[in-house]
Amino acid sequence: MGVTSMRRRGTLKTGLLPGGNVALEKIGLTEEDVRDEIMSEEQDLVKELVTMSTRECIQAIRDLPMCMEDKKNIRNQVLASKSSKKGFLLTCSADCSEQISLSLRRCGVGLSSARQAVRLWQGTMKEIGGRFGTSVLSYFSFLKWLLMFNTISFLVNFGFITIPQLVQTSGRSPDVRFTGLELITGAGYFNQTVMYYGGYINGTKDSDFKYNMQLAYFFTIAAYLVLCGVSLIYSMARSFRRNFVLSDLSSGSAWRLLCSWDFSMVNERAVRQRKNNLRVQLKESLSEMMQTNFLPVSERMKQLGIHLCTWVVSAGLAAGSCAAIYYLCQYNLQQIKVSQNPGNLKEEASTLLLPFVVSLFNLVIPLLYSLLSKVENYSNPRFQIYVIILRNVFLKMSILSILCFHWVNNVTTNVPMCWESYVGQDLYRLVIVNFFFSIFGSFFGEFLRRIIGTRCMPSIGIPEFDIATNVLDLIYAQTLTWIGIYFSPLLPLIQMIKLFLLFYLKKVSLNRNCQPPRRSGRAAQMQTIYIALLFFPSFVGALSLVAYTVWCLTPSDSCGPFQGLNTTFEAVSLWMEDTAIISEFSWAVWIYSHMIKSELFFFLLALIFLVLIYFFWQITQGRKMLIILLKEQIINEGKDKAFLLEKLRTFQNLSLVPYHAENVHGPQYFERTYQTESDYSEGYQRGACPEEDTPPFASSALMQAMMARRQAEEEDEEY
Amino acid sequence: MGTSASQLPKDLLSEYQELTFLTKQEILLAHKRFTELLAKDDRSCSNPRLPMSRILTLPELKSNPFKERICLVFSTSDNKDGSLTFEDFLDLLSAFSDSATSDIKSHYAFRIFDFDDDGTLDRKDLERLVNCLTGDTDETRLTSDEMKQLINNILEESDIDKDGTVNLSEFQHVISRSPDFVSSFKIVL
């Protein structure tokens with residue numbers, strides 16, 4: 001029997017006795033009968049618990065929805081019966097293993113409490129969740145999650161690539177002096193350090209330091225990206241299953257609104273505001289359902305026309321910004337060709353123009369998009385949010401793809417020095433300027449808006465924290481970091497510092513300038529969407545760019561660990577050729593040549609996966625039909641149950657002593673105010689006495705069923 | 001806080017850790033907050049009981065619209081006055097903690113929403129639930145038409161066996177389809 005049945009038993013005591021003795025007498029039961037029944041259920045529960053292992057037993061007792069006293073009672077009974085059983089088999093080994101498992105359990109508990117104590121920002125996040133609700137909190141948890149990705153990347157890169165390089169080149173210092181501008185432009189002093197690809201050299205040939213920098217560089221970055229991909233797919237799938245498949249997708253569902261009341265909200269004003277918002281939302285959803293959606297054809301054509309226009313305008317804006325950025329990139333390249341002395345400060349500062357323009361477009365055009373969406377009329381506010389997110393993602397990804405195209409096509413051929421370091425510097429500048437623009441965005445979007453909203457134009461009011469824009473900003477910055485890992489291995493450090501500072505900045509701005517969001521709910525589904533956006537197009541795009549660079553592009557000749565090779569991947573091929581000589585690793589060489597290098601293998605793999613997907617899709621279709629059939633079955637069984645109970649009651653009333661029959665009219669059923677066409681309900685309606693304390697339908701049914709089962713068991717025992 | 005009664009004995013602490021979803025720090029913090037709320041002379045009692053009025057002064061419960069129902073549901077006192085012993089308090093925190101299972105949370109949520117304690121959520125219970133969450137004064141209440149329509153919608157969605165009430169299994173089924181429930185049914189000290 002499963003844990004579910006145990007839990008049902010656990011609810012017996014709580015479900016029955018609150019009805020009171022009066023209710024029980026009406027159905028012909030005494031309190032003793034009820035208590036006997038409860039005792040026997042408890043004994044069955046104890047018997048089941050004794051058969052489980054100690055860990056499962058503890059977990060099962062913890063899962064029981066009873067008060068502490070009852071749980072202690074059951075636990076003592078279980079321990080007593082276990083020790084009495086053990087009295088027969090007192091072996092030393094059983095005792096020892098029991099002690100070991102007990103101490104292991106204590107260790108595990110101690111570890112988990114220690115882990116909870118050192119969790120970063122635990123108190124702050126609880127405070128934010130208490131004041132602003134779970135949807136705003138999801139932004140900060142997302143930020144924390146990205147911080148973890150970057151920390152792992154930095155540690156891995158630093159440990160396996162940077163430290164060996166620093167050990168190798170200790171004693172050599174760059175010949176350019178440090179000016180403060182490097183922190184922003186990333187060029188100059190940083191150019192020849194381990195910050196960028198160019199600072200790494202494969203030293204296996206000329207020194208006796210046997211560290212193959214080529215393989216280390218390639219495999220560290222590959223392993224990190226694979227780890228990222230796996231964890232993103234895992235989180236995405238788990239979140240999708242929890243929030244989309246198992247959840248109810250109908251919009252404005254009343255239950256979902258009621259059940260999403262945030263119990264952790266502590267602020268009095270926030271609670272009042274939340275109640276207001278909930279009322280408004282409930283009224284809106286009611287009016288939505290009652291409204292008829294029959295618009296005339298001309299109206300619908302007009303709506304369609306407006307939608308089409310706005311889409312064309314937004315695509316045009318994105319295309320325009322991409323073209324502007326592309327021309328600016330070409331101009332930058334030409335400047336490099338023309339420039340005579342590479343150390344000129346003015347020229348280095350002019351390289352900041354490109355990131356500035358990119359971030360400006362990323363800040364301004366989404367504002368234009370939200371203005372456009374006000375012109376359109378969306379029936380469903382959720383749909384509106386999806387459209388805004390889609391447009392913003394499209395804009396950001398198209399800007400990134402034009403930059404990647406420029407780097408891959410033009411930079412590799414036209415830059416005289418290390419083109420990888422040049423790309424790394426570009427990315428560094430983009431990340432830093434993006435950070436400054438986040439600060440500005442916070443300042444203008446929240447601080448100034450609050451000032452305007454409270455002092456100058458009170459009709460606008462205090463701004464809400466715009467979760468979508470901020471999360472998309474985070475995703476964009478993370479995409480830049482993932483692209484930049486190959487070209488600048490220490491870029492995750494910059495991103496880490498940036499995220500750390502951004503957390504505190506956003507927290508301060510939130511507390512001072514924003515109010516809790518008006519629309520509640522759907523935080524979980526938006527979370528899934530953000531994780532999905534982080535995977536595709538962000539991670540997949542970065543991965544494909546790095547893969548293309550590694551597979552197809554020629555590394556520059558004058559710098560970096562891969563100088564002299566035709567492609568970066570050639571380092572692995574050469575290594576495989578070297579290991580082919582050693583006979584112990586022939587299996588590795590076989591795997592490499594027959595699985596990784598052959599196309600037939602991947603083709604077959606893809607074919608097998610397609611067949612499996614089709615198979616699982618058919619299974620889901622079958623399960624959907626099964627759910628419909630089971631729901632119908634539940635309705636039918638409810639009807640059968642009501643019919644049988646009515647029969648049972650009539651038989652019991654006939655067999656009861658006349659004293660009881662006088663005082664009892666017979667159980668009154670609830671008058672069915674719920675309008676369904678159930679043809680059995682009329683037969684069951686009697687004269688309703690609303691003032692009388694009627695026994696609850698469900699629990700009296702349960703008692704009847706239990707009594708019937710006890711009688712049946714007693715009859716069985718007699719045979 | 002210098003008396004020895006304010007310290008939890010170790011065996012009780014490990015027993016509480018086994019029986020609830022709380023960690024050791026959370027149990028100690030709960031003990032500290034509980035003894036702070038006790039009146040001075042109650043502290044030396046063997047199993048002191050906090051009256052409901054004192055529990056409702058906790059900042060985590062003060063603005064909660066279900067504060068009285070929560071105290072009544074978790075109270076084990078015989079006269080149903082909502083007073084809590086320390087073990088009841090731990091039960092409360094355990095059900096509302098981060099690591100409690102969705103089944104426990106939905107079970108207790110059902111009992112909290114069941115205003116008349118009859119084991120099912122009928123129309124009156126649902127009406128009181130909506131009023132609790134939207135405000136109880138005359139200008140903030142929903143009109144009776146809107147309320148009727150809303151409750152019809154709720155019952156249509158969740159009443160699977162069509163008996164006009166929502167019982168525990170139907171409630172748990174609805175909860176399992178609302179992914180926001182588990183993360184919002186939380187109270188942390």
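Residues numbered from 1 in each chain as written. Chains lettered and ligands numbered in written order. Predicted model: local features only at pLDDT ≥ 70, side-chain atom pairs only at ≥ 80, totals over all residues. Heavy atoms only, no water.

Across its full length, chain B carries 11 helices and two strands. Secondary structure elements of chain B occur, N-terminal to C-terminal, as α-α-β-α-α-α-β-α-α-α-α-α-α. Intrachain contacts of chain B at a sequence separation of at least 6 include 56% that bridge at least 24 residues. Accessible surface computed for chain B: about 7800 Å², of which carbon and sulfur atoms make up 49%. (Helix = DSSP H or I, 4+ residues; strand = E, 2+ residues; numbered from the N terminus. Contact = heavy atoms within 4.5 Å. Areas by Shrake-Rupley, 256 points an atom, 1.4 Å probe, with all protein chains shown as cover.)

Let us look at the overall build of chain A. For chain A, the helix and strand inventory stands at 26 helices and zero strands. Looking at chain A as a whole, 42% of its 719 residues are labelled buried. Approximately 39800 Å² of chain A is accessible, and the part contributed by carbon and sulfur atoms is 64%. (Buried < 20%, exposed > 50% of the residue type's maximum accessible area, 1.4 Å probe, protein only.)

All names here are of chain A. Scanning the entire structure with this criterion turns up one disulfide over all chains. Covalent S-S linkage joins C418 and C559, the inter-sulfur distance amounting to 1.5 Å. Judged by the sign of its S-S torsion, about 95°, the cystine formed by C418 and C559 is right-handed. Of this pair, C418 sits in the loop between α16 (381–414) and α17 (419–456) while C559 is found in the loop between α20 (523–552) and α21 (570–581), placing the two residues 141 residues apart along the sequence. (Disulfide = S-S within 2.5 Å.)

Counting 108 residues, the largest nonpolar core has Y139, F142, L403, L427, W482 and Y486 of chain A as its most contacted members. With 13 residues, helix α18 (residues 467–487) of chain A is the largest single contributor of residues to this core. Look past the residues within four positions of L427 of chain A in its chain and what remains in contact with it is W407, L480, I483, G484, F487 and L491 of chain A. Core analysis: the second largest hydrophobic core is formed by 83 residues, L49, V50 and C259 of chain A together with I187 of chain B among them. (Core = buried A, V, L, I, M, F, W, Y, C linked by side-chain atoms within 4.5 Å.)

A separate point is the domain arrangement of chain B. Residues and elements named next belong to chain B. In terms of domains, chain B is made up of domain 1 (10–95) and domain 2 (102–184). Domain 1 puts eight residues into the contact, and the matching count from domain 2 is 12 residues. Approximately 950 Å² of surface area, both sides summed, lies buried where domain 1 meets domain 2, with 73% of it carried by carbon and sulfur atoms. The three residues of domain 1 that bury the most area against domain 2 are F66, R69 and V73, which together make up 58% of that side's buried surface. Taken together, domain 1 and domain 2 are joined by one salt bridge. With its nearest N and O atoms 3.6 Å apart, the salt bridge here joins D117 to R69. (Domains from an automatic or database assignment. Buried area = accessible area lost by both parts, 1.4 Å probe. Salt bridge = Lys/Arg side-chain N within 4 Å of Asp/Glu carboxyl O.)

The tally for this structure, following the rule as stated, stands at nine salt bridges over all chains. Close ionic contact of K47 of chain A with D44 of chain A constitutes a salt bridge, the shortest N to O distance being 3.9 Å. Taken as a pair, K47 of chain A and D44 of chain A lie in helix α3 (residues 31–50) at a separation of three residues, close to a single helical turn. Judged by relative accessible area, K47 of chain A falls into the exposed class, the value being 57%. Residues E18 of chain B and R75 of chain A are paired through a salt bridge, measuring 3.1 Å at the closest nitrogen-oxygen approach.

With 75 residues of chain B at the interface, the matching set in chain A holds 68 residues. Both sides of the chain B and chain A interface together cover about 6600 Å² of buried area, and 60% of this is carbon and sulfur. Considering only the side of chain B, the residues that lose the most area to chain A are E18, L19 and L133 of chain B, jointly responsible for 11% of the buried surface there. Linking chain B with chain A are three salt bridges. Here E15 of chain B makes a salt bridge to R75 of chain A, at a shortest N to O gap of 3.3 Å. On the surface where chain B and chain A come into contact, there are 10 residue pairs in polar contact (both at pLDDT 80 or more). Counting residues per element, the side of chain B that touches chain A draws most heavily on helix α9 (residues 144–158) of chain B, which supplies 10 residues. Taken together, the residues of the side of chain B that touches chain A sort by class into 32 nonpolar, 23 polar and 20 charged. (Polar contact = N/O pair within 3.5 Å; in protein donor to acceptor, adjacent residues only side chain to side chain. Nonpolar A, V, L, I, M, F, W, Y, C, P; charged D, E, K, R; others polar.)

Quoted interface sizes are often the accessible area lost when the parts come together. Each assigned domain of chain A is listed with its residue range as follows: domain 1 (31–82) and domain 2 (133–244 + 300–565). Between domain 1 of chain A and domain 2 of chain A, the C-alpha centre-to-centre distance is 56 Å.

Residues and elements named next belong to chain A. A contiguous nonpolar patch, built from F602, L605, I608, F609, L612, F615, F616 and I619 and spanning about 780 Å² of accessible area, is present on the exposed surface. Inspection of the secondary structure assignment puts L612 in helix α23 (residues 599–655). By relative accessible area, which is 38% here, L612 ends up partly exposed. (Patch = residues over 30% accessible without salt bridge, like charges linked within 9 Å, V, L, I, M, F, W, Y side chains within 5 Å.)

Here the focus is unusual backbone geometry. Only a minority of non-glycine residues have a phi that is not negative, and only a minority of peptide bonds are not trans. Each neighbour pair has its own omega, and for F536 of chain A with P537 of chain A the value is 10°, a cis peptide bond. On the secondary structure map, P537 of chain A appears in helix α20. The backbone of K80 of chain B shows a phi angle near 50°, a positive value even though the residue is not glycine. Mapped onto the fold, K80 of chain B is located in the loop between α5 (67–74) and β2 (84–85). On the basis of relative accessible area, K80 of chain B is assigned to the exposed category, the value being 62%. Positive phi values are uncommon outside glycine, yet D117 of chain B reaches one of about 60°. By the element assignment, D117 of chain B lies in the loop between α7 (102–113) and α8 (123–134).

Under the UniProt annotation, the feature "domain: EF-hand" (unreviewed entry) is placed at residues 101–136 and 146–181 of chain B. Span residues 146–181 of chain B is 67% helix and 0% strand, its end C-alpha atoms 24 Å apart. (UniProt positions renumbered as here; feature names shortened; annotations may be inferred.)

Turning to a negative patch on the surface, a few remarks are in order. A cluster of like negative charges, contributed by E714, E715, D716, E717 and E718 of chain A, occupies part of the molecular surface. Position of E714 of chain A among the secondary structure elements: in helix α26 (residues 697–718). (Lys, Arg positive; Asp, Glu negative; His and termini not counted. Charge placed at Lys NZ, Arg CZ, Asp CG, Glu CD.)

Glancing now at the side chain of S398 of chain A. Examined against the element boundaries, S398 of chain A turns out to sit in helix α16. Once you skip the residues sitting within four places of it in the chain, S398 of chain A turns out to touch A318 and C322 of chain A.

Moving on, we come to the packing of aromatic side chains. In this description, an aromatic ring pair is defined by two values, namely the gap between the centres and the angle between the planes. Evaluated as defined, the whole model comprises 51 aromatic pairs over all chains. When the centroid spacing of 5.9 Å and the interplanar angle of 85° are considered together, the rings of F113 of chain B and F171 of chain B count as edge-to-face. Within this pair, whereas F113 of chain B is found in helix α7, its partner F171 of chain B is found in helix α10 (residues 168–176), the two being separated by 58 residues in sequence. For the pair shown, F113 of chain B and F171 of chain B are each scored as buried. Every member of this aromatic cluster is reached through a ring pair, and the members are F263 of chain A together with F66, F74, F96, Y108, F110, F113, F171, F181 and F185 of chain B. Positioned over the ring face of W311 of chain A is R391 of chain A, at 4.5 Å from the centre of the ring. (Phe/Tyr/Trp six-rings, centres within 6.5 Å; stacked < 30°, edge-to-face > 60°. Lys NZ or Arg CZ within 6 Å of the ring centre and 35° of its normal.)

A word on helix α7 (residues 122–132) of chain A. Residues T124, M125, I128, G129, G130 and F132 of chain A constitute the buried set of α7 of chain A. At the exit of α7 of chain A stands G133 of chain A, carrying a positive phi of roughly 95°.

Glancing now at the confidence of the model for chain A. Residues and elements named next belong to chain A. Averaged over every residue, the pLDDT of chain A is 79; the share at 70 or more is 80%. This model gives residues 12–23 a pLDDT under 50, and the stretch forms 15 contacts once residues within four places in sequence are excluded. Taken together, the stretch residues 659–698 has pLDDT below 50 and engages in 44 contacts with residues farther than four places along the chain or on a different chain. (pLDDT = per-residue confidence, 0-100.)

Moving on to the packing of α8 of chain B against α9 of chain B. Residues and elements named next belong to chain B. Put simply, α8 and α9 touch, their axes get as near as 10 Å, and they point 115° apart. On the basis of their axis angle, the class for α8 and α9 is roughly perpendicular. The two elements α8 and α9 cross, and the hand of that crossing is right-handed. Residues R123, L126, E127, V130 and N131 of α8 touch α9, and the partners they reach there are M147, K148, L150, I151, N152, I154 and L155. (Axes fitted to C-alpha atoms, helices over the stretch in contact; angles between N-to-C directions. Parallel < 35°, antiparallel > 145°, perpendicular 65-115°, else oblique. Left-handed = near helix turned anticlockwise from the far one by under 90°.)

Mapped onto the fold, T479 of chain A is located in helix α18. A distance of 2.7 Å separates a polar side-chain atom of T479 of chain A from the backbone oxygen of I475 of chain A.

Here we come to the packing of helix α10 (residues 213–245) of chain A against α18 of chain A. All names here are of chain A. Relative orientation of the contacting elements α10 and α18 amounts to 160°, with a least axis distance of 10 Å. Between α10 and α18, the interaxial angle falls into the category roughly antiparallel. α10 and α18 meet at a crossing whose hand is left-handed. Taken together, the residues of α18 that come into contact with α10 (itself represented by Y217, I221, Y224, L225, C228 and L232) are W482, I485 and Y486. Considering only residue class, the contact of α10 with α18 consists of nine nonpolar, no polar and no charged.

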